[in-house]
Amino acid sequence: MKTILQMESQITKGITILGSTGSIGKQALQVISEYTDLFKLKALSAHSSIDLLIEQALKYLPEMVFIANPDHLSRLKSALAHTSIKILHSEDELYDTFHQEDLSMVLLAIVGFAGLKPALKTIEASKDLAIANKESLVVGGHILMDLVKQKNATLLPVDSEHSAIFQCLQGEKQESVEKIILTASGGPFFDWPAEEMKNITLKQALKHPTWEMGHKITIDSASMMNKGLEVIEAKWLFDLRPQQIDVVAHPQSLVHSMVQFTDGSVKAQMSPPDMRGPIQYAMFYPNRKQARLTRFNFSEALSLSFKPVDMKKFRNLALAFEALEKGGNIPAILNAANEAAVEAVLQNQLPFYRISEVVENMMNEMNFVLIPSLEDLEQTHYETIVKSKELIKRKN
Ligand code: NAD
Ligand code: MG
(Lines give C-alpha, C1' and ligand atoms only; values in the text may rest on other atoms or scores of the structure.)
(Ligands and ions follow the chains in the order given, each with its own letter.)
Protein backbone atom coordinates (compact mmCIF):
# COMPACT_ATOMS: atom_id res chain seq x y z
CA MET A 1 0.00 0.00 0.00
CA LYS A 2 1.25 3.49 -0.80
CA THR A 3 1.85 6.03 1.94
CA ILE A 4 0.09 9.39 1.74
CA LEU A 5 3.40 11.01 0.79
CA GLN A 6 3.88 8.60 -2.11
CA MET A 7 0.33 9.19 -3.31
CA GLU A 8 0.76 12.95 -3.11
CA SER A 9 3.91 12.78 -5.18
CA GLN A 10 2.00 10.91 -7.93
CA ILE A 11 -0.55 13.69 -8.42
CA THR A 12 -0.10 15.47 -11.76
CA LYS A 13 1.10 18.98 -11.28
CA GLY A 14 0.03 21.78 -13.62
CA ILE A 15 3.06 23.92 -14.34
CA THR A 16 3.70 27.10 -16.34
CA ILE A 17 7.23 28.07 -17.37
CA LEU A 18 7.87 31.75 -17.97
CA GLY A 19 11.04 32.26 -19.99
CA SER A 20 11.07 28.70 -21.34
CA THR A 21 13.56 29.51 -24.11
CA GLY A 22 16.33 30.58 -21.72
CA SER A 23 19.00 28.54 -19.99
CA ILE A 24 16.86 27.75 -16.91
CA GLY A 25 13.67 27.31 -18.96
CA LYS A 26 15.27 24.75 -21.26
CA GLN A 27 16.66 22.78 -18.33
CA ALA A 28 13.26 22.85 -16.61
CA LEU A 29 11.74 21.29 -19.73
CA GLN A 30 14.39 18.57 -19.59
CA VAL A 31 13.35 17.78 -16.02
CA ILE A 32 9.69 17.68 -17.06
CA SER A 33 10.46 15.37 -19.98
CA GLU A 34 11.86 12.86 -17.46
CA TYR A 35 8.55 12.93 -15.56
CA THR A 36 5.86 13.46 -18.19
CA ASP A 37 3.30 11.53 -16.14
CA LEU A 38 3.74 13.85 -13.14
CA PHE A 39 3.44 17.19 -14.93
CA LYS A 40 0.79 18.81 -17.03
CA LEU A 41 2.40 21.61 -19.01
CA LYS A 42 0.03 24.57 -18.85
CA ALA A 43 1.83 27.48 -20.54
CA LEU A 44 5.23 28.36 -22.00
CA SER A 45 6.35 31.95 -22.52
CA ALA A 46 9.31 33.74 -24.09
CA HIS A 47 10.29 37.25 -25.05
CA SER A 48 11.43 36.97 -28.67
CA SER A 49 13.06 33.57 -29.31
CA ILE A 50 10.19 32.65 -31.61
CA ASP A 51 11.79 29.69 -33.40
CA LEU A 52 12.70 27.94 -30.17
CA LEU A 53 9.30 28.68 -28.63
CA ILE A 54 7.56 27.10 -31.64
CA GLU A 55 9.91 24.11 -31.47
CA GLN A 56 9.22 23.68 -27.74
CA ALA A 57 5.47 24.04 -28.24
CA LEU A 58 5.43 21.33 -30.92
CA LYS A 59 7.62 19.03 -28.86
CA TYR A 60 6.14 19.44 -25.37
CA LEU A 61 2.54 20.34 -26.37
CA PRO A 62 1.64 22.85 -23.65
CA GLU A 63 -1.98 23.95 -23.34
CA MET A 64 -1.03 27.58 -24.03
CA VAL A 65 1.86 29.75 -25.29
CA PHE A 66 2.69 33.42 -25.00
CA ILE A 67 5.30 35.53 -26.80
CA ALA A 68 5.96 38.92 -25.19
CA ASN A 69 7.22 40.59 -28.34
CA PRO A 70 4.05 41.15 -30.49
CA ASP A 71 6.11 41.26 -33.71
CA HIS A 72 6.27 37.47 -33.57
CA LEU A 73 2.60 36.82 -32.88
CA SER A 74 1.56 36.09 -36.46
CA ARG A 75 4.42 33.59 -36.92
CA LEU A 76 3.39 31.86 -33.74
CA LYS A 77 -0.22 31.69 -34.91
CA SER A 78 0.58 30.20 -38.29
CA ALA A 79 3.12 27.70 -36.91
CA LEU A 80 0.65 26.35 -34.37
CA ALA A 81 -2.53 26.68 -36.48
CA HIS A 82 -2.79 22.90 -36.95
CA THR A 83 -2.56 22.20 -33.19
CA SER A 84 -4.95 22.75 -30.30
CA ILE A 85 -2.40 24.92 -28.44
CA LYS A 86 -4.03 28.18 -27.39
CA ILE A 87 -2.15 31.39 -28.13
CA LEU A 88 -2.38 34.05 -25.45
CA HIS A 89 -2.47 37.59 -26.81
CA SER A 90 -1.52 39.76 -23.87
CA GLU A 91 0.30 39.67 -20.56
CA ASP A 92 -3.04 40.13 -18.80
CA GLU A 93 -4.45 37.11 -20.57
CA LEU A 94 -1.40 35.14 -19.41
CA TYR A 95 -1.82 36.33 -15.80
CA ASP A 96 -5.52 35.35 -15.89
CA THR A 97 -4.44 31.75 -16.52
CA PHE A 98 -2.57 31.77 -13.19
CA HIS A 99 -5.99 31.47 -11.52
CA GLN A 100 -6.93 28.25 -13.31
CA GLU A 101 -7.58 25.50 -10.82
CA ASP A 102 -5.35 22.87 -12.43
CA LEU A 103 -2.28 25.12 -12.27
CA SER A 104 -0.11 24.41 -9.22
CA MET A 105 3.21 26.07 -9.95
CA VAL A 106 4.81 28.83 -11.98
CA LEU A 107 8.52 28.54 -12.70
CA LEU A 108 9.83 32.06 -13.17
CA ALA A 109 12.84 31.83 -15.49
CA ILE A 110 12.60 35.30 -17.03
CA VAL A 111 15.72 37.43 -16.70
CA GLY A 112 15.77 40.90 -15.12
CA PHE A 113 13.25 43.38 -13.73
CA ALA A 114 10.59 41.97 -16.10
CA GLY A 115 10.24 39.09 -13.61
CA LEU A 116 8.75 41.23 -10.83
CA LYS A 117 5.20 41.53 -12.15
CA PRO A 118 4.69 37.84 -12.99
CA ALA A 119 6.15 36.93 -9.58
CA LEU A 120 3.54 39.09 -7.86
CA LYS A 121 0.76 37.79 -10.12
CA THR A 122 1.66 34.18 -9.26
CA ILE A 123 1.55 34.83 -5.52
CA GLU A 124 -1.65 36.85 -5.87
CA ALA A 125 -3.20 33.73 -7.43
CA SER A 126 -1.91 31.72 -4.43
CA LYS A 127 0.14 29.40 -6.65
CA ASP A 128 3.57 27.96 -5.80
CA LEU A 129 6.34 30.11 -7.24
CA ALA A 130 9.61 28.41 -8.17
CA ILE A 131 11.78 31.47 -8.49
CA ALA A 132 14.96 31.53 -10.58
CA ASN A 133 14.55 35.25 -11.33
CA LYS A 134 16.60 36.91 -8.58
CA GLU A 135 16.08 40.46 -9.83
CA SER A 136 12.42 40.48 -8.71
CA LEU A 137 13.45 39.77 -5.12
CA VAL A 138 16.29 42.31 -5.25
CA VAL A 139 13.97 45.07 -6.48
CA GLY A 140 10.71 44.29 -4.73
CA GLY A 141 11.60 41.84 -1.97
CA HIS A 142 9.55 43.66 0.66
CA ILE A 143 6.39 43.69 -1.48
CA LEU A 144 6.85 40.12 -2.66
CA MET A 145 7.52 38.68 0.80
CA ASP A 146 4.59 40.59 2.35
CA LEU A 147 2.32 39.12 -0.28
CA VAL A 148 3.74 35.63 0.30
CA LYS A 149 2.84 35.95 3.99
CA GLN A 150 -0.57 37.41 3.28
CA LYS A 151 -1.44 34.65 0.80
CA ASN A 152 0.33 31.93 2.76
CA ALA A 153 2.00 31.07 -0.56
CA THR A 154 5.01 28.83 -1.19
CA LEU A 155 8.17 30.36 -2.60
CA LEU A 156 10.74 27.84 -3.78
CA PRO A 157 14.24 29.06 -4.57
CA VAL A 158 15.84 27.81 -7.78
CA ASP A 159 19.09 29.81 -7.70
CA SER A 160 21.62 27.11 -6.71
CA GLU A 161 22.95 28.95 -3.64
CA HIS A 162 19.46 29.64 -2.31
CA SER A 163 18.30 26.13 -3.05
CA ALA A 164 21.34 24.92 -1.08
CA ILE A 165 20.44 27.12 1.89
CA PHE A 166 16.79 26.10 1.67
CA GLN A 167 17.86 22.43 1.72
CA CYS A 168 20.19 23.03 4.71
CA LEU A 169 17.34 24.75 6.58
CA GLN A 170 14.91 21.81 6.33
CA GLY A 171 13.99 20.75 9.85
CA GLU A 172 15.77 23.72 11.45
CA LYS A 173 14.34 26.70 13.35
CA GLN A 174 14.84 30.29 12.18
CA GLU A 175 16.29 31.29 15.57
CA SER A 176 18.98 28.58 15.26
CA VAL A 177 20.49 30.31 12.22
CA GLU A 178 23.57 32.37 13.03
CA LYS A 179 24.48 33.19 9.45
CA ILE A 180 24.56 31.91 5.91
CA ILE A 181 27.64 31.62 3.73
CA LEU A 182 27.03 32.10 0.02
CA THR A 183 29.66 30.47 -2.15
CA ALA A 184 30.89 32.14 -5.34
CA SER A 185 32.83 30.46 -8.12
CA GLY A 186 34.70 33.76 -8.41
CA GLY A 187 34.17 33.86 -12.17
CA PRO A 188 36.92 34.05 -14.77
CA PHE A 189 38.75 37.03 -13.24
CA PHE A 190 39.00 36.03 -9.61
CA ASP A 191 42.79 35.67 -9.67
CA TRP A 192 43.49 38.50 -12.08
CA PRO A 193 45.59 41.37 -10.68
CA ALA A 194 43.39 44.43 -10.08
CA GLU A 195 45.36 46.56 -12.57
CA GLU A 196 44.62 44.11 -15.40
CA MET A 197 40.84 44.24 -14.94
CA LYS A 198 40.75 47.23 -17.34
CA ASN A 199 41.81 45.00 -20.22
CA ILE A 200 38.98 42.49 -19.90
CA THR A 201 37.23 41.82 -23.22
CA LEU A 202 33.59 40.85 -23.76
CA LYS A 203 34.64 37.42 -25.01
CA GLN A 204 36.62 36.76 -21.82
CA ALA A 205 33.74 37.97 -19.63
CA LEU A 206 31.30 35.64 -21.41
CA LYS A 207 33.36 32.56 -20.62
CA HIS A 208 32.32 31.27 -17.20
CA PRO A 209 34.61 28.62 -15.68
CA THR A 210 31.94 26.32 -14.16
CA TRP A 211 28.40 27.20 -15.35
CA GLU A 212 26.69 27.58 -18.78
CA MET A 213 24.09 30.33 -18.41
CA GLY A 214 22.30 33.19 -20.16
CA HIS A 215 24.42 36.22 -21.19
CA LYS A 216 23.29 38.61 -18.48
CA ILE A 217 23.97 36.31 -15.54
CA THR A 218 27.30 35.27 -17.11
CA ILE A 219 28.45 38.90 -17.15
CA ASP A 220 27.01 39.38 -13.64
CA SER A 221 29.01 36.37 -12.43
CA ALA A 222 32.23 37.72 -13.90
CA SER A 223 31.64 41.15 -12.32
CA MET A 224 30.49 39.63 -8.97
CA MET A 225 27.23 41.57 -9.30
CA ASN A 226 25.55 38.17 -9.44
CA LYS A 227 26.77 37.44 -5.92
CA GLY A 228 25.72 40.92 -4.84
CA LEU A 229 22.21 40.32 -6.18
CA GLU A 230 22.21 36.94 -4.45
CA VAL A 231 23.09 38.54 -1.11
CA ILE A 232 19.97 40.71 -1.38
CA GLU A 233 17.93 37.77 -2.69
CA ALA A 234 18.97 35.74 0.39
CA LYS A 235 18.00 38.54 2.77
CA TRP A 236 14.40 38.36 1.53
CA LEU A 237 14.09 34.63 1.05
CA PHE A 238 15.45 33.75 4.48
CA ASP A 239 14.58 36.87 6.49
CA LEU A 240 18.18 37.75 7.46
CA ARG A 241 20.00 40.85 8.64
CA PRO A 242 22.86 42.03 6.38
CA GLN A 243 25.39 40.97 9.04
CA GLN A 244 24.11 37.41 8.78
CA ILE A 245 25.21 37.06 5.16
CA ASP A 246 28.80 36.17 4.21
CA VAL A 247 30.29 35.48 0.81
CA VAL A 248 33.21 33.15 0.20
CA ALA A 249 34.90 32.17 -3.05
CA HIS A 250 34.82 28.46 -3.84
CA PRO A 251 36.28 27.89 -7.30
CA GLN A 252 35.10 24.26 -7.73
CA SER A 253 31.37 25.19 -7.46
CA LEU A 254 30.62 21.94 -5.62
CA VAL A 255 29.47 23.35 -2.27
CA HIS A 256 26.52 25.49 -3.33
CA SER A 257 26.22 27.38 -0.02
CA MET A 258 26.22 26.81 3.73
CA VAL A 259 24.31 27.64 6.90
CA GLN A 260 26.07 28.22 10.21
CA PHE A 261 23.93 27.57 13.28
CA THR A 262 24.09 29.10 16.77
CA ASP A 263 25.99 26.07 18.13
CA GLY A 264 28.77 26.60 15.58
CA SER A 265 27.74 23.68 13.40
CA VAL A 266 27.79 24.28 9.63
CA LYS A 267 25.61 22.47 7.09
CA ALA A 268 26.54 22.56 3.41
CA GLN A 269 24.75 21.27 0.34
CA MET A 270 26.94 19.70 -2.35
CA SER A 271 26.39 18.38 -5.85
CA PRO A 272 28.23 18.51 -9.17
CA PRO A 273 27.27 21.85 -10.80
CA ASP A 274 24.08 21.28 -12.79
CA MET A 275 21.07 23.59 -12.51
CA ARG A 276 18.68 20.68 -13.16
CA GLY A 277 19.38 19.69 -9.54
CA PRO A 278 17.92 22.80 -7.89
CA ILE A 279 15.20 23.09 -10.57
CA GLN A 280 14.03 19.54 -9.85
CA TYR A 281 14.26 20.05 -6.08
CA ALA A 282 11.93 23.07 -6.35
CA MET A 283 9.53 21.27 -8.67
CA PHE A 284 9.07 18.27 -6.38
CA TYR A 285 9.53 19.87 -2.96
CA PRO A 286 9.11 18.50 -0.30
CA ASN A 287 9.84 15.20 -2.05
CA ARG A 288 13.06 14.12 -3.69
CA LYS A 289 12.97 12.22 -6.95
CA GLN A 290 15.44 10.12 -8.84
CA ALA A 291 17.60 12.21 -11.19
CA ARG A 292 20.03 11.09 -13.87
CA LEU A 293 22.60 13.66 -12.84
CA THR A 294 26.32 13.10 -12.26
CA ARG A 295 27.30 11.69 -8.87
CA PHE A 296 30.45 12.44 -6.89
CA ASN A 297 33.08 9.78 -6.96
CA PHE A 298 34.64 9.93 -3.50
CA SER A 299 37.01 7.08 -4.30
CA GLU A 300 38.95 9.68 -6.30
CA ALA A 301 40.73 12.63 -4.70
CA LEU A 302 38.47 15.66 -4.42
CA SER A 303 39.63 19.08 -3.25
CA LEU A 304 37.41 21.83 -1.95
CA SER A 305 38.93 25.25 -1.40
CA PHE A 306 37.52 28.45 0.06
CA LYS A 307 39.03 31.93 -0.22
CA PRO A 308 37.96 35.41 0.84
CA VAL A 309 36.65 37.78 -1.85
CA ASP A 310 38.47 41.07 -2.44
CA MET A 311 35.61 43.58 -2.34
CA LYS A 312 37.90 46.40 -3.47
CA LYS A 313 38.63 44.57 -6.69
CA PHE A 314 35.02 43.43 -7.04
CA ARG A 315 33.38 46.74 -6.21
CA ASN A 316 29.92 45.52 -7.28
CA LEU A 317 29.75 43.20 -4.29
CA ALA A 318 30.52 46.06 -1.89
CA LEU A 319 27.86 48.18 -3.63
CA ALA A 320 25.28 45.42 -3.21
CA PHE A 321 25.98 45.20 0.54
CA GLU A 322 25.65 49.00 0.68
CA ALA A 323 22.32 48.83 -1.17
CA LEU A 324 21.11 46.16 1.23
CA GLU A 325 22.04 48.29 4.26
CA LYS A 326 20.39 51.42 2.86
CA GLY A 327 17.26 49.60 1.66
CA GLY A 328 14.29 51.46 0.16
CA ASN A 329 14.61 51.80 -3.60
CA ILE A 330 18.44 51.62 -3.57
CA PRO A 331 18.55 47.90 -4.52
CA ALA A 332 16.19 48.74 -7.42
CA ILE A 333 18.60 51.47 -8.52
CA LEU A 334 21.57 49.11 -8.25
CA ASN A 335 19.70 46.50 -10.29
CA ALA A 336 18.50 48.87 -13.01
CA ALA A 337 21.90 50.55 -13.43
CA ASN A 338 23.46 47.11 -13.68
CA GLU A 339 20.88 45.95 -16.26
CA ALA A 340 21.64 49.03 -18.39
CA ALA A 341 25.41 48.65 -17.96
CA VAL A 342 25.39 44.92 -18.79
CA GLU A 343 23.33 45.55 -21.91
CA ALA A 344 25.86 48.19 -22.97
CA VAL A 345 28.75 45.78 -22.27
CA LEU A 346 27.04 43.08 -24.38
CA GLN A 347 26.73 45.60 -27.22
CA ASN A 348 30.36 46.63 -26.87
CA GLN A 349 29.32 50.15 -25.82
CA LEU A 350 30.87 50.01 -22.36
CA PRO A 351 34.05 48.31 -21.17
CA PHE A 352 33.37 45.55 -18.67
CA TYR A 353 35.38 47.15 -15.85
CA ARG A 354 33.16 50.25 -15.86
CA ILE A 355 29.94 48.50 -14.81
CA SER A 356 30.48 49.33 -11.14
CA GLU A 357 31.17 52.99 -12.00
CA VAL A 358 27.74 53.28 -13.64
CA VAL A 359 26.05 51.51 -10.72
CA GLU A 360 27.77 53.65 -8.07
CA ASN A 361 26.97 56.86 -9.94
CA MET A 362 23.29 55.98 -10.12
CA MET A 363 23.12 54.96 -6.46
CA ASN A 364 24.40 58.42 -5.57
CA GLU A 365 22.34 60.34 -8.09
CA MET A 366 18.82 58.93 -7.96
CA ASN A 367 16.17 60.04 -5.45
CA PHE A 368 15.84 57.88 -2.35
CA VAL A 369 12.44 56.41 -1.47
CA LEU A 370 12.33 54.67 1.92
CA ILE A 371 9.29 52.42 1.45
CA PRO A 372 8.69 52.25 -2.30
CA SER A 373 5.36 51.08 -3.69
CA LEU A 374 5.26 48.98 -6.85
CA GLU A 375 4.67 52.17 -8.85
CA ASP A 376 7.68 53.83 -7.15
CA LEU A 377 9.81 50.82 -8.07
CA GLU A 378 8.69 50.91 -11.69
CA GLN A 379 9.48 54.61 -11.83
CA THR A 380 12.86 54.11 -10.18
CA HIS A 381 13.67 51.30 -12.61
CA TYR A 382 12.82 53.14 -15.82
CA GLU A 383 14.36 56.46 -14.72
CA THR A 384 17.55 54.72 -13.67
CA ILE A 385 17.74 52.90 -17.02
CA VAL A 386 17.35 56.20 -18.91
CA LYS A 387 19.92 58.02 -16.73
CA SER A 388 22.37 55.12 -16.92
CA LYS A 389 22.14 55.09 -20.70
CA GLU A 390 22.80 58.85 -20.78
CA LEU A 391 25.82 58.40 -18.53
CA ILE A 392 27.18 55.55 -20.67
CA LYS A 393 26.74 57.68 -23.82
CA ARG A 394 28.46 60.70 -22.22
CA LYS A 395 31.43 58.61 -21.15
CA ASN A 396 31.91 57.07 -24.58
P1 NAD B 1 18.32 33.61 -20.36
O2 NAD B 1 18.74 34.92 -20.89
O3 NAD B 1 19.00 32.38 -20.87
O4 NAD B 1 16.75 33.42 -20.57
C5 NAD B 1 15.83 34.39 -20.23
C6 NAD B 1 14.42 33.98 -20.64
O7 NAD B 1 13.53 35.02 -20.25
C8 NAD B 1 14.22 33.77 -22.14
O9 NAD B 1 13.32 32.70 -22.33
C10 NAD B 1 13.57 35.07 -22.61
O11 NAD B 1 12.79 34.90 -23.77
C12 NAD B 1 12.74 35.42 -21.39
N13 NAD B 1 12.46 36.84 -21.25
C14 NAD B 1 13.38 37.84 -21.20
N15 NAD B 1 12.77 39.03 -21.02
C16 NAD B 1 11.44 38.76 -20.98
C17 NAD B 1 10.29 39.58 -20.85
N18 NAD B 1 10.37 40.91 -20.75
N19 NAD B 1 9.09 38.97 -20.84
C20 NAD B 1 8.98 37.62 -20.98
N21 NAD B 1 10.05 36.81 -21.12
C22 NAD B 1 11.26 37.37 -21.12
O23 NAD B 1 18.46 33.69 -18.78
P24 NAD B 1 18.80 32.53 -17.73
O25 NAD B 1 20.25 32.36 -17.64
O26 NAD B 1 17.93 31.35 -17.99
O27 NAD B 1 18.35 33.23 -16.37
C28 NAD B 1 16.99 33.43 -16.03
C29 NAD B 1 16.90 33.91 -14.59
O30 NAD B 1 17.38 32.86 -13.73
C31 NAD B 1 17.78 35.13 -14.29
O32 NAD B 1 17.14 35.96 -13.37
C33 NAD B 1 19.03 34.52 -13.67
O34 NAD B 1 19.68 35.40 -12.78
C35 NAD B 1 18.46 33.33 -12.94
N36 NAD B 1 19.41 32.22 -12.75
C37 NAD B 1 19.95 31.61 -13.84
C38 NAD B 1 20.87 30.57 -13.66
C39 NAD B 1 21.45 29.85 -14.85
O40 NAD B 1 22.18 28.86 -14.65
N41 NAD B 1 21.20 30.24 -16.07
C42 NAD B 1 21.23 30.18 -12.38
C43 NAD B 1 20.65 30.82 -11.28
C44 NAD B 1 19.73 31.85 -11.48
MG1 MG C 1 23.39 31.50 -8.18
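Residue numbering note: each chain is counted from 1, following its sequence as written. For this description, chains carry letters from A and ligands carry numbers from 1, given in the order in which they are written. For a predicted model such as this one, the threshold for reporting local features is a pLDDT of at least 70, and the threshold for listing and counting side-chain atom pairs is 80 or more; totals across whole chains, interfaces and linings nevertheless cover every residue. Side-chain metrics rest on all non-hydrogen atoms present in the structure, leaving aside hydrogens and water.

Enquirer: Explain the overall build of the chain here, please?
Expert: A run of H or I in DSSP counts as a helix once it spans at least four residues, and a run of E counts as a strand once it spans at least two, with each numbered from the N terminus. When helices and strands are counted, the chain shows 16 helices and eleven strands. Radius of gyration here uses only the C-alpha atoms, and the compact-globule reference equals 2.2 Å multiplied by the residue count raised to the power 0.38. For 396 residues, the compact-globule estimate of 2.2 N^0.38 gives 21 Å, and the C-alpha radius of gyration of the chain, at 21 Å, lies within 12% of that figure. Considering only C-alpha atoms, the chain reaches an extent of 60 × 50 × 40 Å along its principal axes. Here the chain holds 396 residues, and the buried ones make up 54% of them. Contacts between residues were defined by any pair of non-hydrogen atoms, one from each residue, lying within 4.5 Å. A separation of at least 24 residues holds for 68% of the contacts in the chain among residues at least 6 apart in sequence. Summed over its atoms, the accessible surface of the chain is roughly 18400 Å², and 50% of this surface lies on carbon and sulfur atoms. Counting rule for charge: Lys and Arg are taken as positive, Asp and Glu as negative, and neither His nor the chain ends is counted. Throughout, a charge is located at the NZ atom of Lys, the CZ atom of Arg, the CG atom of Asp or the CD atom of Glu. Once the 41 positive and 47 negative side-chain charges of the chain are each reduced to a mean point, those two points are 3 Å apart. A 1.4 Å probe rolled over the protein chains alone gives each residue an accessible area, and that area as a share of the maximum for its type sets the label: buried under 20%, exposed over 50%, partly exposed in between. Note on areas: Shrake-Rupley with a 1.4 Å probe; residue coverage comes only from the protein chains shown.

Enquirer: Would you mind going over the pattern of salt bridges with me for this structure?
Expert: It is possible for side chains bearing opposite charge to pair when their charged atoms get close. For salt bridges, the criterion is a side-chain nitrogen of Lys or Arg within 4 Å of an Asp or Glu carboxyl oxygen. Per the counting criterion, the structure on display carries 20 salt bridges. For Glu230, the salt bridge goes to Lys134, with nearest N and O atoms at 2.8 Å. A residue pair is termed long-range when its members are at least 10 positions apart, and Glu230 in helix H11 (residues 225-238) and Lys134 in helix H7 (residues 134-151) qualify at 96 residues. Residue classification places Glu230 among the buried positions, given a relative accessible area of 1%.

Enquirer: Explain the coordination of the magnesium ion (ligand 2) here, please?
Expert: Water is absent from the atoms considered, so a metal site may look incomplete; donors are defined as N, O and S atoms within 2.8 Å of the metal, or 3.2 Å for Na, K and Ca. Within the protein, Asp159 (OD), Glu161 (OE) and Glu230 (OE) serve as the donor atoms for the magnesium ion (ligand 2), at 2.1 to 2.2 Å. Sequence positions of the donors to the magnesium ion (ligand 2) reduce to the motif D-x1-E-x68-E. Linking Glu161 in helix H8 (residues 160-169) with Glu230 in helix H11, this pair joins segments that are 69 residues apart in sequence. Both residues of the pair, Glu161 and Glu230, belong to the buried class.

Enquirer: Help me out: how do you make sense of the site of ligand 1 in this one?
Expert: The criterion for a residue being near a molecule or strand is simple. One of its heavy atoms has to lie within 4 Å of it. Around ligand 1, a shell composed of 22 residues is seen, among which Thr21, Ser23, His47, Glu135 and Gly214 lie nearest. A 3.5 Å cut-off defines polar contacts: any pair of N or O atoms within that distance qualifies, except that in protein one atom must be a possible hydrogen donor and the other a possible acceptor, and neighbouring residues in sequence count only when both atoms are side-chain atoms. One of the side-chain nitrogen or oxygen atoms of Thr21 is found 2.6 Å away from an oxygen atom of ligand 1. Here Glu135 contributes a side-chain N or O atom positioned 2.7 Å from an oxygen atom of ligand 1. Put simply, the parts of the chain that give the shell around ligand 1 at least two residues each are helix H2 (23-34) and H7. Residues are grouped as follows: nonpolar covers Ala, Val, Leu, Ile, Met, Phe, Trp, Tyr, Cys and Pro; charged covers Asp, Glu, Lys and Arg; every other residue, Gly included, is treated as polar. In terms of residue class, the shell around ligand 1 is made up of eleven nonpolar, eight polar and three charged.

Enquirer: I keep staring at the domain arrangement of the chain and nothing clicks. Help me out?
Expert: Quite often, the size of an interface is put as the accessible area lost when its parts meet. Domains are outlined according to an automatic or database domain assignment. You can read the domains of the chain as domain 1 (8-157) and domain 2 (327-396). Each of domain 1 and domain 2 was reduced to a C-alpha centroid, and the two centroids are 27 Å apart. Each partner contributes to the roughly 860 Å² buried at the junction of domain 1 and domain 2, and carbon and sulfur atoms together form 75% of this total. Counting every contact that joins domain 1 to domain 2 gives zero salt bridges. Counting across the domain 1 and domain 2 interface gives two residue pairs in polar contact (both at pLDDT 80 or more). Residue assignment for the side of domain 1 that touches domain 2 shows that the elements contributing at least two residues are helix H6 (116-124) and H7. When residues of the side of domain 1 that touches domain 2 are assigned to their parent elements, the largest contribution, six residues, is made by H7. Residue composition of the side of domain 1 that touches domain 2, grouped by class: six nonpolar, three polar and one charged. Buried area is calculated as the accessible area (1.4 Å probe) missing from two parts once they are joined, with the contributions of both summed.

Enquirer: Explain the sheet that holds strand E7 (residues 155-157) to me, please; I cannot follow it from the model alone.
Expert: Pairing between the strands of a sheet is mediated by backbone hydrogen bonds and can be parallel or antiparallel. Any two strands with at least two DSSP-identified bridges between them are counted as paired. Ordered in space as E4-E3-E2-E1-E5-E6-E7, the seven strands form an open sheet in which the pairing is parallel. Since the sheet does not close on itself, it has two edges, and those belong to strand E4 (86-88) and E7, each with one partner. Each strand of the sheet is rotated relative to its neighbour by a mean of 20°, with strand direction disregarded. The sheet contact formed by strand E5 (residues 105-108) and strand E6 (residues 128-131) spans four bridges and is parallel. Residue pairing across strands places Leu107 opposite Ala130, the latter belonging to E6. Across the sheet, helix H4 (residues 73-80) lies against strand E3 (64-67) and E4, angled at about 170° from E4, the strand it touches most. Lines are fitted to the C-alpha atoms to define the axes, a helix being fitted only along its stretch in contact, and any angle between axes, read from their N-to-C directions, falls within 0 to 180 degrees.

Enquirer: So what exactly am I meant to see when it comes to H11 here?
Expert: Any helix carries an expected span of 1.5 Å times its number of residues minus one. The terminal C-alpha atoms of H11 lie 20 Å apart, and with 14 residues this matches the ideal 20 Å at 1.5 Å per residue to within 8%. The element H11 is extensively covered by neighbouring structure, given that 13 of its 14 residues are classed as buried. Asp239, located one to two residues past H11, shows a positive phi value of around 55°.

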